[in-house]
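Topology and contacts: notes
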Amino acid sequence: MVSPQNDGSGAAAPVDIALYGATGFVGGLIARHLAEHAPPGVRIALAGRSEAKLAATRAALPASARDWPLIVADAADPAATDRLATGARVVLSTVGPYAKYGLGLVGSCARAGTHYADLTGEVLFVREAIDRFHDTARASGARIVHSCGYDSVPSDLGVFLAHRAAQADGAGGLTEVRTVATMRGGVSGGTVDSLRGQLDTVRTDRDARRLAARPHSLSPDPSAEPTPSQPGDAGPPARLPDGTWTAPFVMASYNTRIVRRSNALLDHAYGRGLRYGELQGCGRGVSGAVTAGVVTGGLGALVGAFMVPPIRPLLDRVLPAPGTGPSERTRERGWFRMDVRAETESGRRYRVRVSGPGDPGYGATAVMFGEAGLALALGGSALPDRAGCLTPATALGDVLVDRLRAAGHTYEVAAG
């Protein structure tokens, strides 16, 4: 193991960013983004279980990464995660499923006062991290920022910007907000494995099933939340007023809860009557209607099949395995767009478009996650003065918006 560089005092100086899980599929993409885009002088380390694999990952990166330290750490070893946390100012974790591998590292960072970010889309993991470590992180000053990739940066920052525009215009709180997602890209084994793990838990644990189903399951105090009905996360194909056909969006059940947590952490600044939902856009006309039907049926069939244990071995043979992902060609041809359509208490309307090039779960996520890490490491006093288990909007806000715009992503706000 190569230790972080010495600061001259005899003790190892913490690196600015430690990327944990660097040898995985998405970890390698994020490492490359950091190597190509981190400003000179930012000290970055690669972390994982195998020194040999870490060295191979580093060797494949641009020359700027040649001297990056390697940190060997096993997620199951509390002493190792403590050393990782105390050896870095920011830890970025791609090691999922997070419910299985992630809580120890969150706790280490919360206790050490080390900022942390991940790519989770697991409601149950985030709820447990909040319950166990939010107060500890607040006391230490650590920002624990969940869901800094396609889960859930575009959704969270899009609604944040709609709120900011309405606030600047004196238009009142947000009431009805709906995001329509369109994208092109592939699916990785890591995403499938996380979905599999959460569905296994809710299938066998009634309390977990109820928690996952609650619209405000990630709120600081769900019992104190306002009680307007929330849009459902699933439903039959439907056509919007502009003619776009929609289907359930696979990430809606998670993204919506992150947005609602942001609102609650900000003392419901978005609006106490906020109703937030997400849909997948499938196009217009007959082809849009057919696509919406296929997406709806396919998503329902996949979730249903995961809930039937005898069928699972068949799914495991055809779905991507953990540690794999879409080809370079698929990643480069991919793209995403999120259209946030917001109404306010005064009747004014706003639209926010969030978009970017690259496969959303991998190419675009590498940009989002890498820039989130750089924001935590370099943002300083420009970041919101807030600690604890946070969301991208509440922890990073305008700093991340500005970094993503500079990195080629679009964040546009318009009235009407």
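Residues numbered from 1 in each chain as written. Predicted model: local features only at pLDDT ≥ 70, side-chain atom pairs only at ≥ 80, totals over all residues. Heavy atoms only, no water.

The protein chain goes by Saccharopine dehydrogenase NADP-binding domain-containing protein in an unreviewed UniProt entry, where it is assigned to Pseudonocardia tropica.

The next point concerns helix 3 (residues 78–86). All of the buried residues along helix 3 are Ala80, Thr81, Leu84 and Ala85. The buried residues of helix 3 occupy an angular sector of 135° when projected down its axis, which confines them to one face. The exposed residues of helix 3 that point more than 90 degrees off its buried face are Pro78, Arg83 and Thr86. Buried positions along helix 3 lie against strand 1 (15–20), strand 2 (44–48), strand 3 (70–72), strand 4 (88–93) and helix 5 (103–112). You can read the cap of helix 3 off the contacts: a side-chain oxygen lies 3.1 Å from the backbone nitrogen of Ala79, and it is on Asp77. (Buried < 20%, exposed > 50% of the residue type's maximum accessible area, 1.4 Å probe, protein only. Helix = DSSP H or I, 4+ residues; strand = E, 2+ residues; numbered from the N terminus. Arc of directions from axis to C-beta. Contact = heavy atoms within 4.5 Å. Polar contact = N/O pair within 3.5 Å; in protein donor to acceptor, adjacent residues only side chain to side chain.)

Our focus in this paragraph is the state of the cysteines. If you walk through the whole model with that rule in mind, you get zero disulfides. This cysteine, Cys109, is not joined by any disulfide, and Cys389 carries the nearest cysteine sulfur, 11 Å off. (Disulfide = S-S within 2.5 Å.)

Here we come to the packing of helix 14 (residues 363–378) against helix 16 (residues 397–406). Orientation of helix 14 relative to helix 16, taken along the N-to-C sense of each, is 130°, at an axis distance of 9 Å. Between helix 14 and helix 16, the angle falls in the class oblique. You can see that helix 14 and helix 16 cross each other, and the crossing is right-handed. Taken together, the residues of helix 16 that come into contact with helix 14 (itself represented by Val367, Met368, Glu371, Ala372, Leu374, Ala375 and Leu378) are Val399, Leu400, Arg403 and Leu404. When the residues that make up the contact of helix 14 with helix 16 are grouped by side-chain class, the tally is nine nonpolar, no polar and two charged. (Axes fitted to C-alpha atoms, helices over the stretch in contact; angles between N-to-C directions. Parallel < 35°, antiparallel > 145°, perpendicular 65-115°, else oblique. Left-handed = near helix turned anticlockwise from the far one by under 90°. Nonpolar A, V, L, I, M, F, W, Y, C, P; charged D, E, K, R; others polar.)

To continue, consider the UniProt feature "domain: Saccharopine dehydrogenase NADP binding" (unreviewed entry) in the protein chain. Cross-referencing UniProt, the feature "domain: Saccharopine dehydrogenase NADP binding" (unreviewed entry) maps to residues 17–145 in the present numbering. Counting secondary structure, residues 17–145 comes out at 49% helix and 19% strand; the distance between its end C-alpha atoms is 14 Å. (UniProt positions renumbered as here; feature names shortened; annotations may be inferred.)

Scanning the model with the defined rule gives one cavity of 30 Å³ or more in all. In this structure, the largest cavity spans a volume of roughly 60 Å³. Lining the largest cavity are 12 residues; nearest its centre among them are His216, Glu225, Pro226, Asn263 and Leu274. Split into classes, the residues belonging to the lining of the largest cavity amount to four nonpolar, five polar and three charged. (1 Å grid on protein atoms, 1.4 Å probe; cavity = no way out; pocket = protein on both sides within 12 Å on 5 of 7 lines; lining within 4 Å. Points joined across faces, edges and corners; volume = space filled by probe spheres on them.)

So, on to the packing of aromatic side chains. Here a ring pair, both rings aromatic, is described through the centre-centre distance and the interplanar angle of the planes. What the rule picks out here adds up to four aromatic pairs. Consider the rings of Tyr98 and Phe125, whose centres lie 5.5 Å apart with planes at 35°: the pair is tilted. With Tyr98 in helix 4 (residues 98–101) and Phe125 in helix 6 (residues 123–140), the pair connects residues that are 27 residues apart, well separated along the chain. A residue is classified by how much of its surface remains accessible, and Tyr98, at 4% relative accessible area, is buried. (Phe/Tyr/Trp six-rings, centres within 6.5 Å; stacked < 30°, edge-to-face > 60°.)

Ranked by size, the top nonpolar core spans 106 residues in total, and within it Ile17, Tyr20, Leu46, Leu84, Leu174 and Leu396 carry the most contacts. By residue number, the principal contributor to this core is helix 14, which donates 10 residues. Not counting chain neighbours up to four residues away, the residues in contact with Leu174 comprise Val159, Ala162, His163, Ala166, Tyr270, Gly271, Gly273, Leu274, Ala342, Glu343 and Thr344. Counting residues in each nonpolar core, the second largest holds six residues, with Leu124, Leu199, Ala208 and Ala212 among its members. (Core = buried A, V, L, I, M, F, W, Y, C linked by side-chain atoms within 4.5 Å.)

Across the sheet, which stays open at both edges, the seven strands sit in the order 3-2-1-4-5-6-13 with parallel pairing between neighbours. The open sheet has two edge strands, strand 3 and strand 13 (388–390), and neither has a second partner. Pairs of neighbouring strands in the sheet enclose a mean axial angle of 20°, with direction left out of account. As paired strands, strand 5 (residues 115–118) and strand 6 (residues 143–145) are joined by two bridges and run parallel to one another. Bridged to Tyr116 within strand 6 is Ile144. Where helix 6 meets the sheet, its contacts fall on strand 5, strand 6 and strand 13, and the angle it forms with strand 13 comes to roughly 140°. (Pairing = 2+ DSSP bridges.)

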